[in-house]
Amino acid sequence: MNSTNKLVEEIRQRFEIIDVIHPDDQQVILDIDKMHLHTLLSHLKADGFRQLSLLSAVDWIKDNIFELVYIVFNWDTGVHVLARVKLPRDNPRFRTITPIYPGAQYYERDVHEFFGIEFEGNPMSYKPLFLELWDEMPPMRKDFDPEAYSREKFPERVYVPHFVPKVEVIE
Amino acid sequence: MTTNAKDVRKTWEKIADYFRAHSIWMKWYCTGCGAIEMPPTMTSRFDMERLGMGPMATPRQADVLLITGYLSAKTLRRVIYSYEQMQDPKYVVGFGSCTLNGGIYFDSYATMTRLDHYLPVDLYIAGCMPRPEAIMNSFDTLIKMIEKGEAKGWKHYQENHEWYRRNQLHSLKEVYVKDEFHE
Amino acid sequence: MNLVNFAYGLLLLLAAFVFQTTLTGINRKVVARLQRRRGPKFYQQFIDIFKALSKGSTTHGWVFDFGVIMALGGIMATAIFIPFGPLKAVPGMDNIFIIAYVLAVGMLGMAMSASGSGNPWASIGVSRALTNMLAYDIPFMMVVFGLIFAFDSSSLSGLAAIQREGGLLGWNVLRFPLGGIVAMISLQGMLGKKPFDSFIAPAEIASGPMVEYGGRHLGMLFLLHEYSTFIEVSLIVHLFFGGGATVLEFMVKYAVIYTFLNLVSNVLPRFKIDQAVTFFYKVPLAMAVVQTFLIIFLGMGVA
């Protein structure tokens, strides 16, 4: 038995959880439908998970989905909860969580910039954060080819070989 | 190599080059991991001050722009700004293989692959990372180059400004420094 | 004033520059040895200054240019009034009040020029420098007024001569030890050495007032720094250490004091500007008040 069981039981009673994984004693991964994420996060925040540690995205290009990953942390018990939601890959949109965790502002800008996911209700998320004057598709998408972009934008040094050794294959 | 009238230095320029060679003030543009090699070069073990070298606080005061490590598109804009703020004669030293040919992230969408496409580099220090011995050795070379009047990257930049500008605009679209913290 | 005075003045300026710059170079070597390094050549400071003067530079408007020239001119003009041991370019003019007033021209020129560059770091640096000046000047001037009261003289060489009559024990630093300590602490502040160097903090405010200077302007600034160091250390040598009957004596005293301050500076961290002001208004000011009280009302130390 581990310390997160009570928490998971409580969450199971209130929300529809698709899957629960326990990678570690103090960590819980919850796969959840995107309808319930905001209520889950506000419940967790009220429950002592005051810190949003990370908001990021994963591009599952074969399944044609984006997965948003929210990690929240409870400073009193030291428990991490990782909530995952799936979005369709074409025209990905999701509701912002800035009313719950205001610190998500920069994460949402980051995810919007690198994955092109739009966060409704957060007008700030359209501002560029890291990339200046970016005009291609968001660079962290799997179908973006960074090498071709680099070759086109940043010319490489061409080396002229001074000496090419002749190799004889001895049978 | 033919010597034309431009290459012949006047006497006062030779004297000035002696002073410039033996007093190298550097602006370290510490973007990458290379910055960690500078403290041992500066402090007791390798003691760069005995060659008259030292770090400076602003690009206006510096003679050498030392770029230690990766340049992304965003930092390159700042580097070009810093370089153009420096006073003539000025020298650029590229540090590490990342400035030379892109290093291990040559295929990244964000990092430069060759610095001399955008700024006139007088000297490259190869290695990933170059040890302080390599840094001291290359600065010895730079001192000799300045003394002989061979480090003329800044003149090259003035004469071929169109070419450099074109390269900068091709890679960066616009050389500007503007972000929400400076609005 | 005639042509001889003029030539003498130029010669004195040259001598002061060569002497102080060599001493700065030697001190860089001393500091390096303190940190177990080899250190630069002893003439490194000359190379640095001449290199800076050989470079090009940009301007940030006429206030910027004019301010530098005004500062350098003001400081050089002050340096002429300072007696170099027994040598005096303008005899009878080595009055503390003249020096204090002409010195202000240089300081104001510097502040004007740095603010004229329009860089926010420069403004922060200038405001800190002026605050610092206000902090060290009050205790220092109080002690100096005490000395003037005690000896009825405000001439630097006159005060020095009075001290030399009493031999080693006649030195003001031994007659008025509290005042001597105040003067040394104030000198540390005047020279902008640690712990009172928050206005040029290179890593925090990018060298403060000097942030926009490059090339020729920076060279002039370095010259200015050498001359102002010469003026400030010479003041202390004349006021508290008996000046110099010979040029050599003066130079030895000067070098010892300057090196001592440099050593002190290199083992101390940096005060924040408010800490520096609080310190100056607490310890040195109290000591200066006590010292002046002892001089004026009890006549202690006055022969």
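Refer to the structure printed above.
Now for a quick tour of the structure. (Residues numbered from 1 in each chain as written. Chains lettered and ligands numbered in written order. Predicted model: local features only at pLDDT ≥ 70, side-chain atom pairs only at ≥ 80, totals over all residues. Heavy atoms only, no water.)

Looking at helix H7 (residues 161–172) of chain B
All names here are of chain B. Between the first and last C-alpha of H7 there are 16 Å, a value that for twelve residues agrees with the 16 Å anticipated at 1.5 Å per step. Of all the residues in H7, the buried ones are Tyr164, Asn167, Gln168, Ser171 and Leu172. All buried residues of H7 project into a common sector of 105° when viewed along the axis, lining one side. Residues of H7 that are exposed and angled more than 90 degrees away from the buried face: Glu162 and Arg166. (Helix = DSSP H or I, 4+ residues; strand = E, 2+ residues; numbered from the N terminus. Expected span 1.5 Å × (residues − 1). Buried < 20%, exposed > 50% of the residue type's maximum accessible area, 1.4 Å probe, protein only. Arc of directions from axis to C-beta.)

Brief notes about the packing of aromatic side chains
Describing an aromatic ring pair means giving the distance of the ring centres and the angle of the ring planes. For the structure on display, the rule yields 37 aromatic pairs over all chains. With centroids separated by 5.7 Å and ring planes inclined at 55°, the aromatic side chains of Phe144 of chain A and Tyr149 of chain A adopt a geometry described as tilted. The exposure class of Phe144 of chain A is buried, given its relative accessible area of 8%. Ring pairing ties together the aromatic residues Tyr18 and Phe19 of chain B together with Phe17, Phe46, Phe50 and Tyr227 of chain C, which thus form one cluster. Above the plane of the ring of Tyr83 of chain B lies Lys90 of chain B, whose end atom (NZ or CZ) is 4.4 Å from the centre. (Phe/Tyr/Trp six-rings, centres within 6.5 Å; stacked < 30°, edge-to-face > 60°. Lys NZ or Arg CZ within 6 Å of the ring centre and 35° of its normal.)

Let's talk about the interface of chain C and chain B
Taken together, the contacts link 31 residues of chain C with 23 residues of chain B. A buried area of about 2200 Å², summed over both sides, lies between chain C and chain B, and 52% of it is on carbon and sulfur atoms. Together, Arg37, Lys51 and Lys55 of chain C form the three largest contributors to the area buried by chain C at its contact with chain B, with a combined 27%. Remark: the boundary between chain C and chain B carries six salt bridges. With its nearest N and O atoms 2.7 Å apart, the salt bridge here joins Arg37 of chain C to Glu49 of chain B. Here chain C is connected to chain B by 20 residue pairs in polar contact (both at pLDDT 80 or more). Sorting the residues of the side of chain C that touches chain B by element identifies helix H2 (44–54) and helix H10 (215–240) of chain C as the ones contributing at least two each. Counting residues per element, the side of chain C that touches chain B draws most heavily on H2 of chain C, which supplies six residues. Of the residues belonging to the side of chain C that touches chain B, the class tally is eleven nonpolar, eleven polar and nine charged. (Contact = heavy atoms within 4.5 Å. Buried area = accessible area lost by both parts, 1.4 Å probe. Salt bridge = Lys/Arg side-chain N within 4 Å of Asp/Glu carboxyl O. Polar contact = N/O pair within 3.5 Å; in protein donor to acceptor, adjacent residues only side chain to side chain. Nonpolar A, V, L, I, M, F, W, Y, C, P; charged D, E, K, R; others polar.)

Here we look at the sheet that holds strand E2 (residues 27–32) of chain A
All names here are of chain A. Reading across from one edge, E1-E2-E5-E4-E3 is the order of the five strands in this open sheet, with mixed pairing throughout. Sheet topology places strand E1 (17–24) and strand E3 (51–60) at the edges, where each strand pairs with a single neighbour. Averaged over all pairs of adjacent strands, the angle between strand axes in this sheet comes to 20°, irrespective of strand direction. Against the sheet, helix H1 (residues 5–14) contacts E1, E2 and strand E5 (80–88), and its axis sits at roughly 170° relative to E1. The sheet contacts of helix H3 (residues 104–115) involve E3 and strand E4 (65–73), and relative to E3 the element is tilted by about 10°. (Pairing = 2+ DSSP bridges. Axes fitted to C-alpha atoms, helices over the stretch in contact; angles between N-to-C directions.)

What to know about the pairing of E2 of chain A
All names here are of chain A. Burial runs high along E2: five of the six residues are buried. Sheet analysis places E1 next to E2, joined by five bridges and oriented antiparallel. By the bridge assignment, Ile21 is partnered in E2 with Ile29. Count of turn residues in the E1/E2 antiparallel hairpin: two residues. Sheet topology note: the E2/E5 ladder contains five bridges and is parallel.

Some points on the pattern of salt bridges
Summed over the entire model, instances satisfying the criterion amount to 29 salt bridges over all chains. For Asp48 of chain C, the salt bridge identified is with Arg28 of chain C, shortest N-O distance 2.9 Å. Remark: Arg28 of chain C occurs in helix H1 (residues 3–34) and Asp48 of chain C occurs in helix H2; sequence separation between them is 20 residues. Each of the salt bridges in this network shares a partner with another, and the network as a whole consists of Asp47 and Glu49 of chain B together with Arg28, Arg37 and Asp48 of chain C.

Quick word on the packing of helix H3 (residues 73–85) of chain B against H7 of chain B
Residues and elements named next belong to chain B. Where H3 contacts H7, the two axes come as close as 10 Å, and the packing angle between them is 155°. Taken as axis vectors, H3 and H7 run roughly antiparallel relative to one another. Where H3 crosses over H7, the handedness of that crossing is left-handed. Taken together, the residues of H7 that come into contact with H3 (itself represented by Ala73, Leu76, Arg77, Ile80 and Glu84) are His161, Arg165, Gln168 and Leu172. Partitioning the contact of H3 with H7 into residue classes produces four nonpolar, two polar and three charged. (Parallel < 35°, antiparallel > 145°, perpendicular 65-115°, else oblique. Left-handed = near helix turned anticlockwise from the far one by under 90°.)

Quick notes on the interface of chain B and chain A
Of the residues lining the interface, 27 residues belong to chain B; the matching set on chain A comes to 27 residues. Contact between chain B and chain A buries roughly 2200 Å² in total, counting both sides, with carbon and sulfur atoms accounting for 47%. One can count four salt bridges joining chain B with chain A. With a closest N to O distance of 2.5 Å, Glu132 of chain A and Arg77 of chain B form a salt bridge. Between chain B and chain A we count 15 residue pairs in polar contact (both at pLDDT 80 or more) in total. When residues of the side of chain B that touches chain A are traced back to their parent elements, those giving at least two are H3, helix H4 (97–101) and H7 of chain B.

With respect to the environment of Leu13 of chain C
All names here are of chain C. Note on placement: Leu13 falls in helix H1. We classify Leu13 as buried; its relative accessible area is 6%. Separated by 37 residues in the primary sequence, Leu13 and Phe50 have C-alpha atoms spaced 17 Å apart. Among all residues touching Leu13, those that are not within four sequence positions of it are Met76, Ala79, Ile80 and Tyr227.

Things to note about the side chain of His43 of chain A
Tracing the backbone through its elements, the reader meets His43 of chain A in helix H2 (residues 37–46). Assessed through its relative accessible area of 14%, His43 of chain A is described here as buried.

Looking at the sheet that holds strand E2 (residues 53–55) of chain B
All names here are of chain B. One open sheet accounts for five strands, arranged E2-E1-E3-E4-E5; its pairing is parallel. Strands with a single pairing partner mark the edges of an open sheet, and in this sheet they are E2 and strand E5 (123–125). For this sheet, the mean inter-axis angle between neighbouring strands, taken without regard to orientation, is 25°. Sheet topology places strand E1 (residues 24–29) next to E2; three bridges connect them, and they run parallel. Residue pairing across strands places Ile24 opposite Met53, the latter belonging to E2. Lying on the sheet, helix H5 (residues 132–148) is in contact with E1, E2, strand E3 (64–68), strand E4 (91–95) and E5; it crosses E5 at an angle near 170°.

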